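Structural overview
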Amino acid sequence: MNWGQTPGSDDSAPLGSDPILELANVEASYGPVQALRGVSFAVPRGKIVTVLGANGAGKSTVLKTISGIIDPQKGQIRFDGEEIQGRSPDWIVRRGISHVPEGREVFPLLTVEENLRMGAYTRRDPGGIAEDMERVYEYFPILRERSRQEAGQLSGGQQQMLAISRALLSRPKVMLMDEPSLGLSPLLTQEIFRIITRINREQGTTILLVEQNAHMALDVAEHGYVLEVGRIVMDDTCANLAKKEDVQEFYLGMKAGGVRGERRWKKKKHWR
Amino acid sequence: MGLPYWAMILFAIASMAIVGMVAERIVLRPVLGYPAFTVVMITIGLGYVLRGVVTMVPGWGTETYALRTPFSEGILKLGDVVLAVQQLAVIGMTALLCFVLYLFFRFSRIGIAMQATSQNQLAAYYMGIPVRRVNMMIWGLSAAVAAFAGILLAPVTFVHSNMGFIGLKAFPAAVVGGFGSVPGSIVGGLIIGLVEALAGFYLPEGFKDVAAYVVVLVVLLVWPSGIFGETVRKKV
């Protein structure tokens, strides 16, 4: 296994010699449906990395496989120098990976504060937990106001804030974020992304971001991977990705001439 | 077994907690993630099997036993009202149990984690809550509570292998109060108990037994999820 080698084209930016999270030929499936067909990529320490892809490309599956909700059939997942594939989700959270699931998934009948306490379930340092709770209340002041309310009564945007805060309370080294802009207004989306950048910058948390909103994702992330039908088909800095014709056409919704449909990724002969 | 009353209580509760955890491990874990109805049917089935097994034990299963308690036989007079100390003790212990459970679920880390797991199992996994272990503890706890309830009930109804059928009365109480709500089940229990007692006194013979179910029907028509039932709408 060539752990040092990064997949992708030669002109891609160097990922640094110290990836915190690395996937090598990961294959995973839901029952008979194979969702990941040999995914390899690396996430450099302290960076924001995004995975773009259409519906059903396997983006969420990548995140669920990393956090141990789905066991991969093949391949290795290496986190901070340690293989983590096949471990239980709670072990993985303890190691320092936390997951902001798609669709928020808050505990509806628990209060905001109780939800946050559950985010810190794996920790035993009351002082540190209180400190982190202060910090997330500072990121999202509305959560402090609503701390005694049931999470089910929050608006969608507030629930998203809660889901992010809850994931922060395990004090993660890597945060996996699945569609944080789902169902949010453009304004709220911007606010959420502003905080995501702040978390990355202030706490040095590495963030692996999966997004439908490719504009936003390419804007905040440094490096991007494009996933199609369970494979990584592109790998580049976000600045370069945003310039590519194919990305513009399929993910940014800009039309490029009349050849639409001719250059589907599915028709590519060669997979990297 | 010749143990003193309090030691017997502890022993019964502890051993039932273990029975609950073993039942979870063997019978219920394979259906983890299935709808609640599956779990309900399996536990009812398991109840019948265990009851059958107990009645097969010679000279043990089919007998009826009396349980002596330290509170037996006393009477308390408050003006014209005559109350049996026995029953007061049962009420007091029930209230205490409810209060302890309330504190446990409201404030302890593991209690909140139990609620979280029941509300959103997937999210519980994401938080690093060991869902399987928590489930096992939930079944252990509920079996322990059942044992405690059985001990409270024993002086009133005597001990026999079918005393668990009182649970059929608990079911309407839970439905009326709203499933999953602790205050709801208390209120539901009071309503069912009162309605039954009053129906037995004021209405003709036979109404006592159906009264509870009439109440269930009416409540379900008016509040389909019970009086304190939680209706959860998921926001997208």
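A few points about the packing of helix H3 (residues 112-119) of chain A against helix H6 (residues 156-168) of chain A
All names here are of chain A. At their nearest, the axes of H3 and H6 sit 7 Å apart, and the two run at 35° to each other. Crossing angle aside, the handedness with which H3 passes H6 is right-handed. In this structure, H3 uses Val-112, Asn-115, Leu-116 and Gly-119 to contact H6, whose residues at the interface are Leu-162, Ser-165 and Arg-166. A per-class count over the contact of H3 with H6 returns 3 nonpolar, 3 polar and 1 charged.

Examining the pattern of salt bridges
All names here are of chain A. Under the counting rule described, the total for this entry stands at 17 salt bridges over all chains. With a shortest N-O distance of 3.6 Å, Arg-78 and Glu-83 are connected by a salt bridge. Asp-132 is the salt-bridge partner of Arg-171, the closest N and O atoms lying 2.9 Å from each other. With a gap of 39 residues between them, Arg-171 in the loop between H6 and strand S7 (174-178) and Asp-132 in helix H4 (residues 126-139) connect regions that are remote in the sequence. Given the relative accessible area of 4%, Asp-132 is considered buried.

A look at the nonpolar core
All names here are of chain A. In this structure, Leu-116, Leu-143, Leu-162, Ile-164, Met-175 and Met-177 are the most contacted members of the largest nonpolar core, which totals 48 residues. The two domains that each donate at least three residues to this core are domain 1 (19-96 + 172-259) and domain 2 (106-171). With residues near it in sequence (within four places) discarded, Leu-162 still touches Val-106, Val-112, Asn-115, Leu-116, Leu-143, Ala-151 and Leu-154. With 29 residues, the next largest nonpolar core counts Ala-42, Val-49, Phe-79 and Ile-84 among its residues.

Here's the deal with unusual backbone geometry
Residues and elements named next belong to chain A. Not every positive phi belongs to a glycine, and Asn-25 is a case in point at roughly 50°. Locating Asn-25 in the fold gives a position in strand S1 (residues 19-30). Judged by relative accessible area, Asn-25 falls into the partly exposed class, the value being 40%. At Arg-104, a residue that is not glycine, the phi angle is positive and equals roughly 70°. The residue Arg-104 is located in the loop between strand S6 (97-100) and H3 in this model. Overall, the relative accessible area of 1% leaves Arg-104 in the buried class.

Re the pairing of S7(A)
All names here are of chain A. The buried fraction of S7 amounts to 5 of the 5 residues, a majority that puts the element mostly inside the structure. Residues Val-174, Leu-176 and Asp-178 point to one face of S7 and Met-175 and Met-177 to the other, with burial holding for every one of them. Here 4 bridges tie S6 to S7, and the two strands are oriented parallel to one another. Counted as the bridge partner of Val-100 is Met-177 from S7.

Notes on the domain arrangement of chain A
All names here are of chain A. According to the domain assignment, chain A contains domain 1 (19-96 + 172-259) and domain 2 (106-171). Of the roughly 1400 Å² buried between domain 1 and domain 2, counting both surfaces, carbon and sulfur atoms make up 68%. Taken together, domain 1 and domain 2 are joined by 1 salt bridge. For Glu-138, the salt bridge identified is with Arg-198, shortest N-O distance 2.9 Å. At the boundary of domain 1 and domain 2, one finds 4 residue pairs in polar contact (both at pLDDT 80 or more). Elements represented by at least two residues in the side of domain 1 that touches domain 2 include exactly helix H2 (89-95), S7 and helix H7 (186-203).

A word on the sheet that holds S7(A)
Residues and elements named next belong to chain A. Strand order across the open sheet formed by 6 strands is S6-S7-S8-S3-S9-S10, with mixed pairing between neighbours. With one partner strand each, in any of the chains shown, S6 and strand S10 (231-237) form the two edges of the open sheet. On average, adjacent strands in this sheet sit at an angle of 20° to one another, irrespective of strand direction. Sheet topology note: the strand S9 (residues 223-228)/S10 ladder contains 6 bridges and is antiparallel. The residue bridging His-223 from the neighbouring strand is Thr-237, located in S10. Sheet contacts for helix H1 (residues 59-66): strand S3 (48-52), S6, S7, strand S8 (206-210) and S9; angle to S7, the most-contacted strand, approximately 150°. In this fold H6 packs onto S6 and S7, with an angle of close to 170° to the strand it touches most, S6.

Concerning empty space enclosed by the protein
All names here are of chain A. Counted under the stated rule, the structure contains 2 cavities of 30 Å³ or more. When its volume is computed, the second largest cavity comes out at roughly 40 Å³. Every residue lining the second largest cavity is listed: Asp-132, Arg-135, Val-136, Leu-168, Leu-169, Arg-171 and Gln-203. For the lining of the second largest cavity, the leading source of residues is H4, giving 3 residues.

With respect to the interface of chain B and chain A
Across the boundary between the two partners, chain B contributes 26 residues, which contact 32 residues of chain A. Linking chain B with chain A are 1 salt bridge. The partner of B:Arg106 in a salt bridge is A:Glu114, and the shortest N-O contact between them spans 2.9 Å. At the junction of chain B and chain A, the tally comes to 6 residue pairs in polar contact (both at pLDDT 80 or more). Those elements that provide at least two residues to the side of chain B that touches chain A are helix H3 (85-107), helix H4 (109-119) and helix H5 (121-126) of chain B. Considering each element in turn, the side of chain B that touches chain A owes the most residues, 7 residues, to H4(B). Tallied by class, the residues present in the side of chain B that touches chain A amount to 16 nonpolar, 5 polar and 5 charged.

Each value, and the rule that gives it
- Residues numbered from 1 in each chain as written.
- Chains lettered and ligands numbered in written order.
- Predicted model: local features only at pLDDT ≥ 70, side-chain atom pairs only at ≥ 80, totals over all residues.
- Heavy atoms only, no water.
- Axes fitted to C-alpha atoms, helices over the stretch in contact; angles between N-to-C directions.
- Helix = DSSP H or I, 4+ residues; strand = E, 2+ residues; numbered from the N terminus.
- Left-handed = near helix turned anticlockwise from the far one by under 90°.
- Contact = heavy atoms within 4.5 Å.
- Nonpolar A, V, L, I, M, F, W, Y, C, P; charged D, E, K, R; others polar.
- Salt bridge = Lys/Arg side-chain N within 4 Å of Asp/Glu carboxyl O.
- Buried < 20%, exposed > 50% of the residue type's maximum accessible area, 1.4 Å probe, protein only.
- Core = buried A, V, L, I, M, F, W, Y, C linked by side-chain atoms within 4.5 Å.
- Domains from an automatic or database assignment.
- Pairing = 2+ DSSP bridges.
- Buried area = accessible area lost by both parts, 1.4 Å probe.
- Polar contact = N/O pair within 3.5 Å; in protein donor to acceptor, adjacent residues only side chain to side chain.
- 1 Å grid on protein atoms, 1.4 Å probe; cavity = no way out; pocket = protein on both sides within 12 Å on 5 of 7 lines; lining within 4 Å.
- Points joined across faces, edges and corners; volume = space filled by probe spheres on them.

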